[in-house]
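A structural walkthrough
Now for the letters of each chain:
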Amino acid sequence: MDGRLCSKVACTNEATQTFTYVYADSMAVLGPLSDRHEPHSYDLCPVHAERLSAPRGWQVIRHVALNNEL
Ligand SMILES: [Zn+2]
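Here we summarise the structure given alongside this text.

The next subject is the coordination of the zinc ion. Bound to the zinc ion are the protein donor atoms Cys6 (SG), Cys11 (SG), Cys45 (SG) and His48 (ND1), situated 1.9 to 2.3 Å from the metal. Viewed at the metal, the four donor atoms of the zinc ion are separated by angles of 104 to 114°, and the geometry they form is tetrahedral.

Next up on the list: the sheet that holds strand E4 (residues 59-62). Adjacent strands of a sheet pair through backbone hydrogen bonds, lying either parallel or antiparallel. The four strands lie next to each other as E3-E1-E2-E4, forming an open sheet whose pairing is mixed. Across the chains shown, the open sheet's two edge strands, defined by having one partner strand only, are strand E3 (41-44) and E4. Averaged over all neighbouring strand pairs, the angle between strand axes comes to 20°, with direction disregarded. Pairing of strand E1 (residues 17-22) with strand E2 (residues 27-32), which is carried by six bridges, proceeds in the antiparallel orientation. Directly across from Val22, in E2, lies its bridge partner Met27.

On the secondary structure map, Thr18 appears in strand E1. Among the residues examined, Thr18 registers a relative accessible area of 4% and is labelled buried. Dropping the residues within four chain positions of it, Thr18 is found in contact with Arg4, Val29, Leu30, Gly31, Pro32, Leu33, Ser34, Ser41, Tyr42 and Asp43.

The subject of this paragraph is the packing of aromatic side chains. Throughout the structure, instances matching the rule amount to five aromatic pairs. Measuring from centroid to centroid gives 5.5 Å for Tyr21 and Trp58, while their planes differ by 85°, and the two rings are edge-to-face. Of the two residues, Tyr21 sits in strand E1 while Trp58 sits in the loop between helix H1 (46-51) and E4, which places them 37 residues apart along the sequence. Trp58 gets classed as partly exposed once you look at its relative accessible area, which sits at 22%.

The rules behind the values
- Residues numbered from 1 in each chain as written.
- Predicted model: local features only at pLDDT ≥ 70, side-chain atom pairs only at ≥ 80, totals over all residues.
- Heavy atoms only, no water.
- Donors = N, O, S within 2.8 Å, 3.2 Å for Na, K, Ca; no water.
- Tetrahedral: all angles 85-135°; square planar, octahedral: opposite > 155°, others 65-115°.
- Pairing = 2+ DSSP bridges.
- Helix = DSSP H or I, 4+ residues; strand = E, 2+ residues; numbered from the N terminus.
- Axes fitted to C-alpha atoms, helices over the stretch in contact; angles between N-to-C directions.
- Buried < 20%, exposed > 50% of the residue type's maximum accessible area, 1.4 Å probe, protein only.
- Contact = heavy atoms within 4.5 Å.
- Phe/Tyr/Trp six-rings, centres within 6.5 Å; stacked < 30°, edge-to-face > 60°.

The following block contains the structure:
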């Protein structure tokens, strides 16, 4: 399985989450790394996923992975 990198310019971290813009609903959905690459989705590393902000008027939905027991 080959790792996928964060889609942010100049970032070389491995992507762990996928961020998808749902234009119809003005929603930005952050979830687990998806298998398929979709037109409005971006792979993000943990750092950039954390800093993520949506455009004004948009709603951000975060699906948090529960497999980290800290
Ligand atoms: Zn990144």
